[in-house]
Amino acid sequence: MDLNLESTVRLNNGVDMPRLGMGVWRSDNATASQSVRWALKHGYKAIDTAKQYGNEAGVGDGLAQGLAENDLNRSDVFLTTKIFNGDAGYESTITAFEDQLARLKTRYIDLVLIHWPVTGKYNETWRALEDLYMAGKIRAIGVSNFDIQRLRDLMKHASIKPVINQMEFNPLEQETDIKDYCDRHNIQLEAWSPLGHGDALNNEQIKQIADKYNKSTAQVIIRWELQRGINTIPKSTHEEFIKENADVYDFALSDEDMELINSLNLDKRSIWYGDFQWSGNPDGVADSVDQWDK
Ligand code: NDP
């Protein structure tokens, strides 16, 4: 399989998206800024953040500095952010989005996702994203944490189909049904927590495969996701890990090793949302809020 750090997938609206990016969840502004600079230094072409992470300003700073330091243009980097659960709804999404643009210090966002499918509101949030997309402020729109039922409902109401569904995905959680559904509808699956909360990184069978290729378990997992055709956004706050996670293009996993990792699936989400409601917060929407309703 001919893959490299510049490899992209063509989304269903014709936009090309890098297959590998870096996530920044659980990083404060200063850390996120530094991580983004390191990512750009080591050749990453995509960054994934969210209002919920409370670090859009840091990502915006890191992006501006990283572009300058590496002689890159804004169009060289694919930036993803997400609509916060507390902003669900039409007007609230439009207003929140303008603030997100300002924090990220950019005139447009490459990909905006509905972060979680807030019950009774996600179709209105989607309508706002469609309008922002039509206005040219977003290059592609998608969803995150949508199961098949919610994807079906969204598409029944939508004028524009989502390009991406970003789901928890790693060797221990492979979302088989959702992946099949997305494949059938030409919606690209993107993996969140692609390294699997430590459990996958410490898995003995993956370690054995990694030893065989003289790679780390993280590299084998990332390579497995890329070979599965899934976009992936491993997160790290350490330059060595950031570099290591992008060094996955000088080997290819055999069919046998791919199958072995495929067989590790436990279908056990780390978090599930049932009838997902945003509980809100009495002071309105706090930018630093990083929580969800279970
Ligand atoms: P990951 O699966 O990317 O794992 C991150 C953890 O692995 C960190 O503790 C990191 O350490 C460690 N790590 C990274 N690289 C290595 C390595 N090479 N060797 C050993 N350890 C390593 O978890 P995330 O949950 O952060 O998911 C990735 C991204 O997905 C998020 O950052 C976010 O952007 C997105 N996401 C989206 C969600 C959604 O609802 N849409 C939900 C959750 C995540 P350290 O940081 O100390 O370097």
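Now for a quick tour of the structure. The shown structure was predicted, so the numbers you read here are calculated from the model rather than taken from an experiment. (Residues numbered from 1 in each chain as written. Predicted model: local features only at pLDDT ≥ 70, side-chain atom pairs only at ≥ 80, totals over all residues. Heavy atoms only, no water.)

1. With respect to the environment of V36
- Relative to the helices and strands, V36 resides in helix α1 (residues 29–41).
- A sequence separation of 157 residues divides V36 from S193, and the C-alpha atoms of the two residues are 18 Å apart.
- Apart from the residues lying within four places of it in its own chain, the contact partners of V36 are M22, V24, I47, V59, G62 and L63. (Helix = DSSP H or I, 4+ residues; strand = E, 2+ residues; numbered from the N terminus. Contact = heavy atoms within 4.5 Å.)

2. Regarding empty space enclosed by the protein
- In this structure the tally under the stated criterion is two cavities of 30 Å³ or more.
- One number sums up the size of the largest cavity: a volume of about 40 Å³.
- Every residue along the wall of the largest cavity is listed here: I83, F84, N85, A88, I114, H115, W116, V118, Y122 and T125.
- Residue composition of the lining of the largest cavity, grouped by class: seven nonpolar, three polar and no charged. (1 Å grid on protein atoms, 1.4 Å probe; cavity = no way out; pocket = protein on both sides within 12 Å on 5 of 7 lines; lining within 4 Å. Points joined across faces, edges and corners; volume = space filled by probe spheres on them. Nonpolar A, V, L, I, M, F, W, Y, C, P; charged D, E, K, R; others polar.)

3. Let's talk about helix α7 (residues 204–213)
- Restricting attention to buried positions, one finds in α7 the residues I206, I209 and A210. Projected onto a plane normal to the axis of α7, the buried residues spread over an arc of 100 degrees and lie on a single side. Those residues of α7 that are exposed and aimed more than 90 degrees away from the buried face are Q208, D211 and K212.
- Buried residues along α7 sit in contact with α8 (217–227) and α10 (255–262). (Buried < 20%, exposed > 50% of the residue type's maximum accessible area, 1.4 Å probe, protein only. Arc of directions from axis to C-beta.)

4. A few points about the packing of α7 against α8
- Here α7 crosses α8 at 95 degrees, and the two axes come no closer than 8 Å. With respect to their mutual orientation, α7 and α8 come out roughly perpendicular. Contact residues: I206, K207, I209 and A210 in α7; T217, V220 and I221 in α8.
- Split into classes, the residues belonging to the contact of α7 with α8 amount to five nonpolar, one polar and one charged. (Axes fitted to C-alpha atoms, helices over the stretch in contact; angles between N-to-C directions. Parallel < 35°, antiparallel > 145°, perpendicular 65-115°, else oblique.)

5. Some details on the packing of helix α2 (residues 56–69) against helix α3 (residues 90–104)
- Look at α2 against α3: their axes get within 7 Å of each other, and the N-to-C directions meet at 40 degrees. Here α3 runs oblique to α2, going by the angle between their axes. The residues of α3 that touch α2, namely those facing E56, A57, V59 and G60, are Q100, R103 and L104.
- Residues that form the contact of α2 with α3 fall into these classes: three nonpolar, two polar and two charged.

6. Here's the deal with the site of the ligand
- Lining the immediate surroundings of the ligand are 27 residues, of which D48, S193, L195, S236 and H238 lie closest.
- A distance of 2.7 Å is found between an oxygen atom of the ligand and a side-chain nitrogen or oxygen belonging to S193.
- One nitrogen or oxygen atom from the main chain of L195 is found 2.7 Å from an oxygen atom belonging to the ligand.
- Protein chains bury 85% of the 910 Å² of accessible surface belonging to the ligand in isolation.
- Its atoms largely coinciding with the cavity grid, the ligand occupies the largest pocket.
- The element that contributes the greatest number of residues to the shell around the ligand is helix α9 (residues 239–245), accounting for three residues. (Near = heavy atom within 4 Å. Polar contact = N/O pair within 3.5 Å; in protein donor to acceptor, adjacent residues only side chain to side chain. Areas by Shrake-Rupley, 256 points an atom, 1.4 Å probe, with all protein chains shown as cover. Sits in = over half its atoms within 2 Å of the grid points.)

7. Observations concerning the layout of surface pockets
- Of the volumes computed, that of the largest pocket is approximately 670 Å³.
- What lines the largest pocket is a set of 33 residues, and nearest its centre among them are W25, R26, S193, P194 and K235.
- Per element, the largest residue contribution to the lining of the largest pocket is three residues, and it comes from α9.
- Here the residues of the lining of the largest pocket are counted per class, giving 14 nonpolar, 14 polar and five charged.

8. A few points about the nonpolar core
- Counting 67 residues, the largest nonpolar core has M22, I47, V59, L129, V220 and L253 as its most contacted members.
- For I47, the residues in contact, after removing those within four places along its chain, are M22, V36, A39, V59, V77, F78, L79 and T80.
- Core analysis: the second largest hydrophobic core is formed by 11 residues, M17, A46, L111 and L113 among them. (Core = buried A, V, L, I, M, F, W, Y, C linked by side-chain atoms within 4.5 Å.)

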